[in-house]
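# Residue-level structural notes
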Amino acid sequence: MRRQGTWVRRMMARRVLLSFLAVALLAAALAYAVTWQRGLRALDTMLDQSLILTRRAVESEIARFRALPDVAAEDVRITNALRDRTAPEATGAASRYLETIAERTGATHLYLMDGSGHVLSASNWNTPLSFVGQNYGFRPYFRDALKTGRGSFYAIGVTTGTPGYFLSSRVGPADDPAVIATKIDVTPLERTWKTAGVSVAIADRDGIVFLSGVDDWRYRPLRPLDGATLDRLARVRTYDGIDIARARPLLTATPDGGALALRGPDGAELRGRSALIEADDWRVISAAPIAPVRAAALLWALGAALAAVAATALAMIVNQRRQLIRLRLRQNALLESRVAERTRELAHEIEARRKTEADLRAAQESLIHTEKMAALGRMSAAIVH
């Protein structure tokens, strides 16, 4: 019996322990899922707000120079250079004019090309890396300007080796068009992002990051590039001197809801969001570490598990107390019932005893009366005798 009782107690203890574990795991899983989803939504909201600010900053920086080629082309010195493209005086005057315009507007370079892409005049005409005499007819911004009237292109300069954003416009007569282009430096945006400590990047239409506040992300494709894309990039020398084919893709996955999975320079897991800059078909990416969201979810899961265990223990204690009270009430009721029954039995016994005593007294009185009558009879008989 003792062994059986010990076995029963052990089984009950195991059941209680399993119940606690089940409740704790369920509460932890539920709290983790809810906190995780809320944390991701809050992180996505923050990233979307960062994207809006970044996109506006980029668009504003470029918008300052977008009309510069058209405005510069209105000057008579540009007109004279286009009229007599072989005259050194005309092209020289145009170069000096473009140099002045570049200094006053903050543009990196301004230069004038003929219909074949040969540079006639340039703002850096008096520097060792002068564009004058160079040919940029292979660049997309030149071909687009001849074809549609305007062009834009981000690339590393083949002459200077420095990256920049090129804006171009078609000028001159329709039968002998020319192109005027400006190159602007947008790398100050990177310094701003680094100072702010934000993980922001801009990728071109091919998905190659060319601006970023994270140095490790620059000149890396978001996803693996096909051979045709790599050949085209090499042909137009977009990222001259950079081996894009060997660069590791930046994105690791696309989890849900348009979010992006990335890795930071230290290997930390990041969650990113992206937005499109329609004018150039660029994609702005903003990312933030996901570790704080996971830590918060784990913390809430631990708290929920502890709270669930405490609540379960309290509920079990309350239930046991209720059962104990119910048992005591049942025992009291049973005791009261037995006391009442015993009281009724005693009452019956007392009543029977009272009746017996009454019968005894009656019999005794009858006996006394009989004795009295007998004595009277004997007395009477004696007197008569």
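Calculation rules
- Residues numbered from 1 in each chain as written.
- Predicted model: local features only at pLDDT ≥ 70, side-chain atom pairs only at ≥ 80, totals over all residues.
- Heavy atoms only, no water.
- Helix = DSSP H or I, 4+ residues; strand = E, 2+ residues; numbered from the N terminus.
- Rg over C-alpha atoms; globule rule 2.2 N^0.38 Å.
- Buried < 20%, exposed > 50% of the residue type's maximum accessible area, 1.4 Å probe, protein only.
- Axes fitted to C-alpha atoms, helices over the stretch in contact; angles between N-to-C directions.
- Left-handed = near helix turned anticlockwise from the far one by under 90°.
- Contact = heavy atoms within 4.5 Å.
- Nonpolar A, V, L, I, M, F, W, Y, C, P; charged D, E, K, R; others polar.
- Pairing = 2+ DSSP bridges.
- Core = buried A, V, L, I, M, F, W, Y, C linked by side-chain atoms within 4.5 Å.
- Arc of directions from axis to C-beta.
- Patch = residues over 30% accessible without salt bridge, like charges linked within 9 Å, V, L, I, M, F, W, Y side chains within 5 Å.
- Areas by Shrake-Rupley, 256 points an atom, 1.4 Å probe, with all protein chains shown as cover.
- Salt bridge = Lys/Arg side-chain N within 4 Å of Asp/Glu carboxyl O.
- Polar contact = N/O pair within 3.5 Å; in protein donor to acceptor, adjacent residues only side chain to side chain.
- Phe/Tyr/Trp six-rings, centres within 6.5 Å; stacked < 30°, edge-to-face > 60°.

Looking only at helices and strands, the protein features 8 helices and 11 strands. A compact globule built from 385 residues would reach a C-alpha radius of gyration of about 21 Å, whereas the protein, at 51 Å, exceeds it by more than 25%. Dimensions of the protein, computed from the C-alpha atoms along their principal axes, are close to 200 × 45 × 35 Å. Residue burial in the protein is summarised as follows: out of 385 residues, 36% are buried.

Our focus in this paragraph is the packing of helix α3 (residues 76-83) against helix α4 (residues 88-105). Relative orientation of the contacting elements α3 and α4 amounts to 145°, with a least axis distance of 8 Å. Between α3 and α4 the crossing geometry is left-handed. Between α3 and α4, the residues in contact are Arg 77, Ile 78, Asn 80 and Ala 81 and Ala 90, Thr 91, Ala 93, Ala 94, Tyr 97 and Leu 98, respectively. Across the contact of α3 with α4, the residue classes tally to 7 nonpolar, 2 polar and 1 charged.

Our next topic: the sheet that holds strand β2 (residues 119-122). Within the open sheet, the 5 strands sit side by side as β2-β1-β5-β4-β3. Their pairing is antiparallel. Edge positions in the sheet fall to β2 and β3 (150-156), since each has one partner strand and no second. Strand-to-strand twist across the sheet, computed as the mean angle between neighbouring axes with direction ignored, equals 25°. Two elements, strand β1 (residues 109-113) and β2, share 3 bridges in a ladder whose sense is antiparallel. By the bridge assignment for β2, Leu 112 is matched with Ser 121.

Another point: the nonpolar core. Counting 43 residues, the largest nonpolar core has Val 58, Leu 112, Ile 202, Phe 210 and Trp 282 as the members making the most contacts within it. Among the elements that make up this core, the one with the highest residue count is α4 (5 residues). Not counting chain neighbours up to four residues away, the residues in contact with Ile 202 comprise Val 58, Trp 193, Ile 208, Val 209, Phe 210, Leu 211, Trp 282, Arg 283 and Val 284.

Next up on the list: helix α7 (residues 227-236). Buried within α7 are the following residues: Thr 229, Leu 233 and Val 236. Taken down its axis, α7 places every buried residue within 80° of arc, on the same side. In α7, the exposed residues that point more than 90 degrees away from the buried face are Ala 228, Asp 231, Ala 234 and Arg 235. In the core, the buried residues of α7 are packed alongside α5 (140-148) and β3.

A few words now on a nonpolar patch on the surface. A surface patch of nonpolar side chains, about 440 Å² in accessible area, is lined by Met 373, Leu 376, Met 379 and Ile 383. Along the chain, Ile 383 falls in helix α8 (residues 291-384). Judged by its relative accessible area of 67%, Ile 383 falls in the exposed class.

Here the focus is the pairing of strand β9 (residues 260-263). Along any regular strand the residues' side chains alternate between the sheet's two faces. In the sheet, β9 pairs with strand β10 (residues 269-277) via 4 bridges, with the strands oriented antiparallel. Each bridged residue has a counterpart across the sheet, and for Arg 263 the counterpart in β10 is Glu 269. Between β9 and β10, which pair antiparallel and follow one another directly, the connecting turn spans 5 residues, one of which, Gly 267, has a positive phi of 85°.

Right, let's talk about unusual backbone geometry for a bit. Although it is not a glycine, Tyr 219 sits at a positive phi angle of roughly 60°. Structurally, the position occupied by Tyr 219 is in the loop between β7 (209-212) and α7. Here Tyr 219 falls in the buried class, since its relative accessible area comes to 15%. Backbone geometry at Asp 281 places phi at a positive 60°, although glycine is not the residue there. Positionally, Asp 281 belongs in the loop between β10 and β11 (282-289).

Attention shifts here to the side chain of Asn 124. Take Asn 124: it is sitting in the loop between β2 and α5. Residue class for Asn 124 comes out buried when judged on its relative accessible area of 5%. Reaching out from Asn 124, the side chain makes a polar contact with the backbone nitrogen of Phe 131 at a distance of 3.2 Å. When neighbours within four sequence positions are excluded, Asn 124 is seen to be in contact with His 109, Leu 129, Ser 130 and Phe 131.

Summed over the entire model, instances satisfying the criterion amount to 10 aromatic pairs. Between the aromatic rings of Tyr 111 and Tyr 136, the centroid separation amounts to 5.9 Å while the plane-to-plane angle is 65°, which identifies the pairing as edge-to-face. Of this pair, Tyr 111 sits in strand β1 while Tyr 136 sits in the loop between β2 and α5; the two residues are 25 residues apart in sequence, bridging distant segments of the chain. Comparing Tyr 111 with Tyr 136 shows no difference in burial state: the two are buried.

Further remarks concern the environment of Ala 27. Secondary-structure assignment places Ala 27 in helix α1 (residues 2-63). Between the alpha carbons of Ala 27 and Leu 306 there is a distance of 8.9 Å; along the sequence they are 279 residues apart. Among residues more than four places away in sequence, those in contact with Ala 27 are Ala 304, Ala 305 and Ala 308.

Bringing the environment of Asp 215 into the picture now. Position of Asp 215 relative to the elements: it lies in the loop between β7 and α7. With a relative accessible area of 46%, Asp 215 lands in the partly exposed category. Polar side-chain contacts of Asp 215 include one of 2.9 Å to the side chain of Arg 218.

Taken by themselves, the reported measurements are silent on function.
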